[in-house]
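Observations on the model geometry
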Amino acid sequence: MLEAISNKSFIFQWSPGERKTTVSFKLEPYKEGTLIILEEAGYSNSEKDLNACIGCAIGWGEAMMLLKIYIEHGIVYKQDL
């Protein structure tokens, strides 16, 4: 973890492909709720990084939808492993 500021931001690094990327979640007030701004940077143009980038883009979209469902309805998705 690089940064965690309550109700403001959460920033960390990980290596889903060849290179380390930086993931940033920023929270901003928006109308009656909160806007979540998600950015991930640091991928190269290698085939491995491009595939990781596409996979993560799909995963982040799913994660944001699950977060929305949890916040609005308290529903938790549990997957059998």
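Check the entry above for the structure.
Small disclaimer: the values here were computed from a predicted structure and weren't measured. (Residues numbered from 1 in each chain as written. Predicted model: local features only at pLDDT ≥ 70, side-chain atom pairs only at ≥ 80, totals over all residues. Heavy atoms only, no water.)

1. Quick look at unusual backbone geometry
One non-glycine residue, N7, adopts positive backbone phi at about 65°. One can find N7 in the loop between β1 (3-5) and β2 (9-14). Positive phi values are uncommon outside glycine, yet K31 reaches one of about 50°. Looking at where K31 falls in the secondary structure, it is placed in the loop between β3 (21-30) and β4 (33-41). Its relative accessible area of 73% is what places K31 among the exposed residues. (Helix = DSSP H or I, 4+ residues; strand = E, 2+ residues; numbered from the N terminus. Buried < 20%, exposed > 50% of the residue type's maximum accessible area, 1.4 Å probe, protein only.)

2. Remarks on the pattern of salt bridges
If you walk through the whole model with that rule in mind, you get one salt bridge. One salt bridge in this structure joins K68 and E72, with 2.6 Å as the shortest N-O distance. On the criterion of helical spacing, the pair formed by K68 and E72 is a turn pair, its members being four residues apart in helix α1 (residues 47-73). On the accessibility criterion, K68 (39% relative accessible area) is partly exposed. (Salt bridge = Lys/Arg side-chain N within 4 Å of Asp/Glu carboxyl O.)

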